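# Observations on the three-dimensional arrangement
Read off the chains here:
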Amino acid sequence: MAQDNRIRVMPHETTATIPDRDAAPRILIIRLGAIGDVIMTSAVPQAIKEAYPNSRISWLVEPLSVPIVRMNPYVDDIIVFDCKKDWVTLLRAGKLVALTRAVRAFRQLLREGAFDIAIDFQELFKSAFLAWLSGAPRRIGPAPSREGNRFFMTELAARPAHPTWLSQANLALLAPLGAPQRPRRPVLVVPDAERAAARDFLASRGLVGAPYAAFCLSSSRPQKDWVFARWSELADTLWEQEGLRTVLIGGPERRVDALGIVESCASQPVSAVGYTNIMQSTALVQDAALVVGLDTGLTYAGLAVDTPTIALYGSTDPSWLAEEPCATVCFHPLPCSPCGRRPTCRQYDCMQAISVAEVADTVRRLLKQRLTASGATKRSRAATL
């Protein structure tokens, strides 16, 4: 389809303007969910604030991801988009008058923000529609666009096809604002009270002060899952070889599965699955000696504090972790991978190919690297005294 000449498209290498540091734009970030995607967008407000220190940043987000956004010190306001289900119900029931009233009410809420700029990181019709609904005169979205969302935008910024660090694809959308494009870690500042609650939880399970491995078990799609029995084997292997206990982390839907892991292990892992909220779970990940997880939000929480992380990938593209110094990916590409949301097999061969021995060897290498780096830092400090 031909590009609409009314829309300016910028390559991701281009910086459109030199920021006016005295300007005070009101900027709306639209990244509704999921948790992992919200974490991958968390460095955006920091980059905006560096370019425009006087800006006021609001984030439009769905309820599940509100705690993640609340952890971000660069976000001034949170707007919760909690009406999607109601809108869909009204639409399916043919209650168009009621739907129109509901949309207008939310439009009024958005326009109270008097936004100068809206940036759509969700890349969907609904998010682009919300950007338009906000009334912001500048609306920036990704190119190429999906679901016709380009028709709601005034500017498009090209994302790199294969980003090689966590925040690169999202920061590319800030090119029209002249914001810095350098690599950044996620921004996840866990409140002290939540971190203390997470440590109290571990203490109540007999794990006090000892290093542990965090296993992030939950995923949004079955093709992202590892062979579940291997989590038990890996927990016992890390205990035998590295002296590491294991803490299991995930959503309440995994509670029964996690209890099965606990019962089948000799190493007495601790299950926090379904017992800690998202902020406490984030604290457990960040306090871990290392993280092993699927392509899921909490796996990336430790990257904010340089926690050694092993990500198990199969159906999705892991290239964006290529330059994360503390992250290693276990990935066996097949002719059909990454298949995304359309798997071509039922047994998920790409995840079957990741063995316990491979993950354990990766753990050993990461811990050795961390120990070597720590020793070099200590020697360097001693030499300066």
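None of these values were measured; they are calculated from a predicted model. (Residues numbered from 1 in each chain as written. Predicted model: local features only at pLDDT ≥ 70, side-chain atom pairs only at ≥ 80, totals over all residues. Heavy atoms only, no water.)

### Some thoughts on the overall build of the protein chain
Our working rule: Under the scheme used here, helices are H or I runs from DSSP no shorter than 4 residues and strands are E runs no shorter than 2 residues, and both carry numbers assigned from the N terminus. Our radius of gyration is a C-alpha quantity, and the globule rule it is checked against amounts to 2.2 Å times the number of residues to the power 0.38. The contact criterion used throughout is that any non-hydrogen atoms of two residues lie within 4.5 Å. Each accessible area is a Shrake-Rupley estimate made with a 1.4 Å probe; only the visible protein chains count as cover when residues are assessed.
What the protein chain contains, in helices and strands, is 13 helices and 13 strands. In summary, the protein chain has a C-alpha radius of gyration of 22 Å against a globular reference of 21 Å for 385 residues, a match within 12%. Considered along the principal axes of its C-alpha atoms, the protein chain spans approximately 60 × 60 × 45 Å. Within the protein chain, contacts between residues at least 6 apart in sequence are counted, and of these 63% link residues at least 24 apart. Of the roughly 17900 Å² of accessible surface on the protein chain, 54% is carried by carbon and sulfur atoms.

### Observations regarding the pairing of strand 7 (residues 155-158)
Our working rule: For every residue, the accessible area (1.4 Å probe, protein chains only) is compared with the maximum for its type, and the residue is labelled buried under 20%, exposed over 50%, or partly exposed between those bounds. Only strands joined by at least two bridges in the DSSP assignment are considered to pair.
The side-chain alternation of strand 7 yields two buried faces, one formed by Glu155 and Ala157 and the other by Leu156 and Ala158. Note that strand 6 (residues 138-143) and strand 7 share 4 bridges and pair parallel. Following the sheet pairing, alanine 143 is matched in strand 7 by alanine 158.

### Observations concerning the packing of helix 4 (residues 84-92) against helix 5 (residues 96-111)
What counts is decided by this rule: Axes, fitted as lines to C-alpha atoms, cover a helix only where it is in contact. Angles between the N-to-C directions of the axes lie from 0 to 180 degrees. Our angle categories are set so that under 35 degrees counts as roughly parallel, over 145 as roughly antiparallel, 65 to 115 as roughly perpendicular, and the remainder as oblique. Helix crossings fall into two classes, left-handed where the near helix is turned counterclockwise from the far one by less than a right angle and right-handed where it is turned clockwise. Gly is put with the polar residues, along with every residue not named as nonpolar or charged; the nonpolar set is Ala, Val, Leu, Ile, Met, Phe, Trp, Tyr, Cys and Pro, and the charged set is Asp, Glu, Lys and Arg.
For the pair helix 4 and helix 5, the least separation of the axes is 8 Å and the interaxial angle reads 155°. The angle between helix 4 and helix 5 falls in the class roughly antiparallel. With respect to the hand of their crossing, helix 4 and helix 5 are arranged in left-handed fashion. Taking contact as the criterion, the partners of Trp87, Leu90 and Leu91 in helix 4 are, on helix 5, Leu96, Ala98, Leu99, Ala102, Val103 and Phe106. In terms of residue class, the contact of helix 4 with helix 5 is built from 9 nonpolar, no polar and no charged.

### Considering helix 9 (residues 229-242)
To keep things clear, this is the line we draw: The span one expects for a helix is its residue count, reduced by one, times 1.5 Å.
Taking 1.5 Å as the rise per residue, helix 9 with 14 residues should run 20 Å; its terminal C-alpha atoms sit 20 Å apart, in good agreement. Every buried residue of helix 9 is listed here: Trp231, Ser232, Leu234, Ala235, Asp236, Thr237 and Leu238. Trailing helix 9 by a residue or two, glycine 243 shows a phi angle of about 70°, which is positive.

### Describing the environment of proline 19
Summarising the element assignment, proline 19 is placed in the loop between strand 1 (8-10) and strand 2 (26-30). By relative accessible area, which is 23% here, proline 19 ends up partly exposed. Setting aside its immediate chain neighbours within four residues, proline 19 contacts Ala51, Tyr52, Leu177 and Gly178.

### Structural notes on the sheet that holds strand 10 (residues 270-271)
If you walk across this open sheet you meet the 6 strands as 10-9-8-11-12-13, and the pairing is parallel. Edge positions in the sheet fall to strand 10 and strand 13 (327-331), since each has one partner strand and no second. Here 4 bridges tie strand 11 (residues 290-294) to strand 12 (residues 309-313), and the two strands are oriented parallel to one another. Among the inter-strand pairings, valine 292 is bridged to a residue of strand 12, identified as isoleucine 310.

### Structural notes on the pairing of strand 2
Counting buried residues in strand 2 gives 4 out of 5 residues, a clear majority hidden from the surface. As judged from the 5 bridges shared by strand 2 and strand 3 (residues 56-61), these two strands associate in the parallel manner. In the strand pairing of strand 3, isoleucine 30 is matched with leucine 60. Here strand 2 runs beside strand 5 (residues 117-120); their pairing, made up of 4 bridges, is parallel. Across the sheet, the residue bridging to leucine 28 is alanine 118, located in strand 5.

### Re the packing of aromatic side chains
Cut-off, in case you're wondering: Here is the rule: rings of Phe, Tyr and Trp (six-membered ring for Trp) pair when centre to centre is within 6.5 Å. Planes less than 30 degrees apart are stacked, more than 60 are edge-to-face, and the remainder are tilted. Working rule: Lys NZ or Arg CZ, within 6 Å of ring centre, within 35 degrees of ring normal, means a charge sits over the ring.
If you walk through the whole model with that rule in mind, you get 12 aromatic pairs. Consider the rings of tryptophan 87 and phenylalanine 106, whose centres lie 6.0 Å apart with planes at 85°: the pair is edge-to-face. One end of the pair, tryptophan 87, is in helix 4; the other, phenylalanine 106, is in helix 5, and 19 residues separate them in sequence. Each member of the pair tryptophan 87 and phenylalanine 106 is classed as buried. Where tryptophan 226 meets tryptophan 231, the ring centres are 5.1 Å apart and the plane angle is 85°; that geometry is what we call edge-to-face. Aromatic ring contacts, followed pair by pair, group Phe125, Phe129, Trp132 and Phe152 into a single cluster. Stacked on the ring of tyrosine 275, the Lys or Arg arginine 205 has its end atom at 5.3 Å from the ring centre.

### Some remarks on the packing of helix 8 (residues 192-204) against helix 11 (residues 278-286)
At a minimum axis separation of 8 Å, helix 8 and helix 11 run at an interaxial angle of 70°. With respect to helix 11, the element helix 8 is oriented roughly perpendicular. Contacts between helix 8 and helix 11 involve Glu194, Arg195, Ala197, Ala198 and Leu202 from the first element and Met279, Gln280, Ala283, Leu284 and Gln286 from the second. Of the residues contributing to the contact of helix 8 with helix 11, the split by class is 6 nonpolar, 2 polar and 2 charged.

### Brief notes about the nonpolar core
Nonpolar side chains in soluble globular proteins generally cluster together in the buried interior. What counts, and what does not: Buried Ala, Val, Leu, Ile, Met, Phe, Trp, Tyr and Cys residues form a nonpolar core when they are joined through side-chain atoms within 4.5 Å.
Ile119, Leu174 and Val247 are the most contacted members of the largest nonpolar core, which totals 62 residues. Ranked by residue count, the leading element in this core is helix 11, at 5 residues. Each residue touching isoleucine 119, except ones within four places of it in the same chain, is listed here: Ile27, Leu28, Ile29, Ile30, Ile48, Ile140, Leu173, Leu174 and Leu177. Of all hydrophobic cores here, the second largest spans 28 residues; its members include Leu217, Cys265, Ile310 and Val363.

### Examining empty space enclosed by the protein
Counted only if it meets this: Only protein atoms enter the 1 Å grid used here. Points where a 1.4 Å probe fits but cannot escape make up a cavity, open sets with protein on both sides within 12 Å along at least five of seven lines make up a pocket, and a residue lines them when an atom lies within 4 Å of a point. Grid points are joined across faces, edges and corners, and a volume is the space filled by probe spheres set on the points.
Evaluation of the coordinates by the stated rule reveals 1 cavity of 30 Å³ or more. One number sums up the size of the largest cavity: a volume of about 50 Å³. Around the largest cavity, the lining residues are Cys336, Cys339, Pro343, Thr344, Cys345, Tyr348 and Cys350. Class assignment of the residues belonging to the lining of the largest cavity gives a composition of 6 nonpolar, 1 polar and no charged.

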